[in-house]
Amino acid sequence: MDSMAKLSGALKRSKSGGVRASGMIPKYAYMRDTKAGEDEESRRLKTGSDEEKSEWKFWGPYLADRQWATVREDYSENGDAWGFFPHEHARSRAYRWGEDGLLGFCDEEQRICYGLALWNHKDGILKERLYGLTNAEGNHGEDCKELYYFLDSSPTHSYMHARYKYPQSAYPYEKLLTENGNRNRNDPEFEILDTGVFDNNKYFDVDVKYAKFSPQDILIMTIITNRNEHEAAEIDVIPQLWFRNTWVWGMRHGAYEAEPGNPDKPAMSALTRQGDSYAEVEVRHDEFTDDYVWMAAPAEVQGEGGSATGPEPWFTDNETNYARVFNAPPRYKHCKDAFHEKLIHGKDDAINPERTGTKAGVHYSLKVPAGGKAILRVRLRGQTLSPMTAQQLLNPKLFDMIIDQRRQETDVYYNAIRKAPEMSEDMKIVQRQAYAGLLWTKKFYFYIVNDWLEGDAKTSKPPQSRWNGRNRDWRHFHACDILSMPSGWEYPWFASWDSAFHTVPLSNVDPDFAKDQLSIFLDDRYMHINGAVPAYEWNFSDTNPPVLALALWRNFSEMKSRGQPDYEFLKSLFFKLMLNFTFWTNRKDGNGNNIFGGGFLGLDNIGIFDRSAPLPGGGVLEQADGTAWMGAFSSVMLDMSLELASHDSSFETLAGKFFQHFLSIVEAINFGSTALWDEKDGFYYDEVILPDGKSIPIKLRSLVGLVPLFACLTVE
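Residues numbered from 1 in each chain as written. Predicted model: local features only at pLDDT ≥ 70, side-chain atom pairs only at ≥ 80, totals over all residues. Heavy atoms only, no water.

For the protein, the helix and strand inventory stands at 17 helices and 29 strands. Computed over the C-alpha atoms, the radius of gyration of the protein is 27 Å, within 12% of the 27 Å expected from 2.2 N^0.38 for a compact globule of 716 residues. Its C-alpha atoms put the protein at 85 × 60 × 55 Å along the principal axes. Relative to its 716 residues, the protein shows a buried fraction of 59%. Residue pairs in contact within the protein that sit at least 24 positions apart in sequence constitute 74% of those at least 6 positions apart. For the protein, the exposed surface amounts to about 29,400 Å²; the carbon and sulfur share of it is 49%. Taking the 80 positively charged and 103 negatively charged side chains of the protein as two groups, their mean positions are separated by 2 Å. (Helix = DSSP H or I, 4+ residues; strand = E, 2+ residues; numbered from the N terminus. Rg over C-alpha atoms; globule rule 2.2 N^0.38 Å. Buried < 20%, exposed > 50% of the residue type's maximum accessible area, 1.4 Å probe, protein only. Contact = heavy atoms within 4.5 Å. Areas by Shrake-Rupley, 256 points an atom, 1.4 Å probe, with all protein chains shown as cover. Lys, Arg positive; Asp, Glu negative; His and termini not counted. Charge placed at Lys NZ, Arg CZ, Asp CG, Glu CD.)

Put into structure tokens, the structure is as follows:
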């Protein structure tokens, strides 16, 4: 205890900031150059007021890559989210809580959605969304079996670029399913490259570029490149625009309650005649202050021997095809899968001859020359913007110039990030694309647990078993937000500690969005009354490592380095984090000895048994990583207390509290009967405490034993 006394003395001497958790707060290798003149993208980020985010962020990549097989769409009796709404249903069945699409785009509440549909004349279905195996189908769990790349994005999404690689032969759905099903966990995964569908470059690169001329005027360019240098190839492309179905459920929050046929129901209708060279569609939604016009130009085919027809507007409704999905009598004449039925099966009556509906597409039929390309240009803009014809607005020279200008402005923005001297040009490209991946996985997340538990007025009630299932203790949870997600496909929901880590690089490119993410998870709509932070959709009651404090401190430190410290923001979230800290001390320290549990803690397959499940025969699992994370939590709360104490002396008392917590945890994990440190092995191990008091260390060397290295203090 002599060392503890010395540290306590050092704390008293330092008062306003001598102790820093420098082991947890490494310096950035790069930061924004605030000396440079403000660029266009920086100005766009600041167009909102202090209370409102930039209007330039109203549209973005917020459309999920996968909505099927999510917990939100699961209304099964046994909680089988993967099985209740499979990929096979996705093209024909309306979603309740969100939408998905291929390289898509939508508004901030996902009311109007945009995405691509592709057909190579070989597949049995349109390629409208990414395919992958479910958790049970993959030999290593769920896995997306596609090749797609997020290549660029500005923070306001004024410019975005992504690429999808589409085979010219039939997509190997069955082969991927069967071959992976025949493999065990010791075998490598069978990937799409292993199927041979990309051999001899027989595939298309499908590039999508978005550029905003103004916040409500979006240009979308699709470039179809035939990578086969020897043969021309046919492809049909349908850029699609649709409304999220908010009208059939009778939901109480965040959506229409209008009956079908009500004039206020959102609708799209043709403004041009059949056969016109340009297509124009009026888009009406009464939650928008302005109607929109969606317009499409004729395709431009580059290379000898190519051809194109279109754009031809098609219309249907975003409604479930009950006959196909449930083998039940049809309820709607025009359904979500109408474009599949017309294009692949030749059913002309599948689309609405009245040329109106809640889903629209413009159909192009292309023959792309060997090594050539086809360029499609569409534009979505507010109807009250400056009156110009579709021919003027889609003029290739003007259109391409705007896209190139936004790309150049994005270049300038990222060039304003001061790179570490040793960073090579190649690493700068890697960094830029890493930011693109981070920004493209900002997605709309809509989940109101109380409504999900009780069911909707116009649909059948969920099974009674739901009240004993997942997330039943989170009835207050109400999400309708743009969240930074781990992945748009494999994890199309938040995990609170993933999102916390995301805010660290986001603080460099979009600090306001980073602060918004931190605020959301500590908001009353998310945080439990007991102080728990929801872990992830599959089980909010699981515990993720408590790293939100670290993320907040990193965000504050980044802004302070720019001369823009936000002490009010730090203080407001600090008090929320105190609630979370109290939850951990009260709920995760089972024996009251400063040794913590926590269960899963985000480490998949790290233990020889499920660390979140009760131990057979009773007992308590004391965890090296849970204890270490609380040590780190204490040290960061100490750091923030000292920073706040430099402006408000009342925080000095709190600094002492968190310093004592840190020292107590250090003592418990390293010394005495509670120690998880094995002096002989030089490693930390979890330990099982049996009901009779006997302790059994679990001598499994894993990351669990290294996490204690994260919790450290430097006394200056």
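Here we take up the packing of helix H15 (residues 567-587) against helix H16 (residues 624-645). The geometry of H15 relative to H16 is characterised by a closest axis approach of 11 Å and an angle of 150° between their N-to-C directions. Overall, the two elements H15 and H16 adopt an arrangement that is roughly antiparallel. As for the relative orientation of H15 and H16, their crossing is left-handed in sense. Along the contact surface, H15 presents Tyr567, Leu570, Lys571, Phe574, Leu577, Met578, Asn580, Phe581, Trp584 and Thr585, while H16 presents Gly626, Met630, Phe633, Ser634, Met637, Met640, Ser641, Glu643 and Leu644. (Axes fitted to C-alpha atoms, helices over the stretch in contact; angles between N-to-C directions. Parallel < 35°, antiparallel > 145°, perpendicular 65-115°, else oblique. Left-handed = near helix turned anticlockwise from the far one by under 90°.)

What follows concerns the packing of helix H14 (residues 548-561) against H16. Between H14 and H16, whose axes approach to 9 Å, the crossing angle comes to 35°. Between H14 and H16 lies a crossing of left-handed hand. Here Ala549, Leu550, Leu552, Trp553, Phe556 and Lys560 of H14 lie close against H16, whose contacting residues are Phe633, Val636, Met637, Asp639, Met640 and Glu643. When its residues are assigned to classes, the contact of H14 with H16 shows nine nonpolar, no polar and three charged. (Nonpolar A, V, L, I, M, F, W, Y, C, P; charged D, E, K, R; others polar.)

With respect to burial, strand S4 (residues 102-107) is a largely interior element, six of its six residues being buried. Pairing analysis gives three bridges linking S4 to strand S5 (residues 112-119), with the strands arranged antiparallel. For Leu102, the partnering residue across the bridge sits in S5 and is Leu116. What sits between the antiparallel neighbours S4 and S5 is a turn of four residues, in which Gln110 has the positive phi angle 55°. (Pairing = 2+ DSSP bridges.)

Read from one edge of the open sheet, three strands run S24-S27-S28, paired in antiparallel fashion. Pairing within the sheet leaves two strands with one partner each, and these edge strands are strand S24 (620-622) and strand S28 (695-698). Going from strand to strand, the sheet's axes swing by 25° on average, the running direction of each strand aside. The pairing of strand S27 (residues 686-689) with S28 spans four bridges and is classified as antiparallel. Following the sheet pairing, Val688 is matched in S28 by Ile696.

On average, residues of the protein score 90 in pLDDT, and 91% of them are at 70 or above. Between residues 1-36, whose pLDDT stays under 50, and residues either more than four places distant or in other chains, the model counts 91 contacts. (pLDDT = per-residue confidence, 0-100.)

The subject of this paragraph is H15. For H15, spanning 21 residues, the distance from its first C-alpha to its last is 30 Å, which sits close to the expected 30 Å at 1.5 Å a residue. Listed in full, the buried residues belonging to H15 are Tyr567, Phe569, Leu570, Leu573, Phe574, Leu577, Asn580, Phe581, Phe583 and Trp584. Summarising the contacts, the buried residues of H15 are in contact with helix H13 (511-521), H14, H16 and helix H17 (651-670). With a side-chain oxygen positioned 3.4 Å from the backbone nitrogen of Glu568, the residue opening H15 is Asp566. (Expected span 1.5 Å × (residues − 1). Polar contact = N/O pair within 3.5 Å; in protein donor to acceptor, adjacent residues only side chain to side chain.)

All right, on to a nonpolar patch on the surface then. Together, Leu703, Leu706, Leu709 and Phe710 give the surface a local cluster of nonpolar side chains, amounting to about 370 Å² of exposed area. Within the element layout of this structure, Phe710 appears in the loop between S28 and strand S29 (714-715). By relative accessible area, which is 34% here, Phe710 ends up partly exposed. (Patch = residues over 30% accessible without salt bridge, like charges linked within 9 Å, V, L, I, M, F, W, Y side chains within 5 Å. Salt bridge = Lys/Arg side-chain N within 4 Å of Asp/Glu carboxyl O.)

The strands that make up a sheet pair up through hydrogen bonds in the backbone, lying either parallel or antiparallel. As summarised here, the arrangement of the six strands in space is S3-S4-S5-S12-S19-S17, forming an open sheet in which the pairing is antiparallel. Edge positions in the sheet fall to strand S3 (59-60) and strand S17 (307-316), since each has one partner strand and no second. Here S17 runs beside strand S19 (residues 359-368); their pairing, made up of eight bridges, is antiparallel. Counterpart to Pro313 in the pairing with S19 is Val362. Helix H7 (residues 338-345) rests against S5, strand S12 (233-243), S17 and S19 of the sheet, and its axis sits at about 140° to S17.

What follows is about the side chain of Thr134. Mapped onto the fold, Thr134 is located in the loop between strand S6 (132-133) and strand S7 (143-144). You can call Thr134 buried: its relative accessible area is 9%. Beyond its immediate chain neighbours, meaning those up to four positions away, Thr134 contacts Trp68, Trp82, Gly141 and Glu142.

Here the focus is the packing of aromatic side chains. Summed over all chains, the structure comprises 57 aromatic pairs. Each ring, one from Trp59 and one from Tyr292, has its centre 5.6 Å from the other, and the planes form 80°; the classification is edge-to-face. Of the two residues, Trp59 is situated in strand S3 and Tyr292 in strand S15 (residues 292-296); the sequence distance between them amounts to 233 residues. Note on Tyr292: relative accessible area 3%, which makes it buried. Taking 5.5 Å as the distance between ring centres and 85° as the angle between the ring planes, the aromatic pair formed by Tyr447 and Trp452 counts as edge-to-face. Judged by its relative accessible area of 2%, Trp452 is buried. Taken together, Trp97, Phe444, Tyr445, Phe446, Tyr447, Trp452, Trp474, Phe477, Phe494, Phe521, Tyr526 and Phe540 form an aromatic cluster joined through their ring pairs. (Phe/Tyr/Trp six-rings, centres within 6.5 Å; stacked < 30°, edge-to-face > 60°.)

Its 14 residues place the ends of helix H12 (residues 496-509) 20 Å apart at the C-alpha level, agreeing with the 20 Å of an ideal helix rising 1.5 Å per residue. Along H12, the sharpest change in direction is near 30° and occurs at Thr503; proline Pro505 comes one to four residues later. Taken across its 14 residues, H12 has 11 buried, putting it largely inside the fold. Regarding H12, the residues found buried are Ser496, Trp497, Ser499, Ala500, His502, Thr503, Val504, Leu506, Ser507, Asn508 and Val509. (Bend = angle between axes of the 7 residues up to and from the residue.)

What follows is about the pairing of S27. Side chains of S27 alternate between two faces, with Asp686 and Val688 and Glu687 and Ile689 buried alike. Between S27 and the antiparallel strand that follows it, S28, lie five residues; Gly693 among them carries a positive phi value of about 95°.

The next thing to look at is the environment of His89. You can see His89 is positioned in helix H4 (residues 87-90). His89 sits 231 residues away from Thr320 along the chain, and the two C-alpha atoms are 9.3 Å apart. Those residues in contact with His89 that lie beyond four places of it in its chain are Phe84, Arg324 and Val325.

Now for the nonpolar core. One finds Tyr445, Phe477, Leu577 and Met640 to be the most contacted residues of the largest nonpolar core, which totals 99 residues. No other element matches the 13 residues that H16 contributes to this core. Residues in contact with Phe477, not counting those within four places in the same chain, are Tyr445, Tyr447, Ile448, Val449, Phe494, Arg525, Tyr526, Pro534 and Phe540. Of all hydrophobic cores here, the second largest spans 71 residues; its members include Trp59, Leu103, Val206 and Val283. (Core = buried A, V, L, I, M, F, W, Y, C linked by side-chain atoms within 4.5 Å.)

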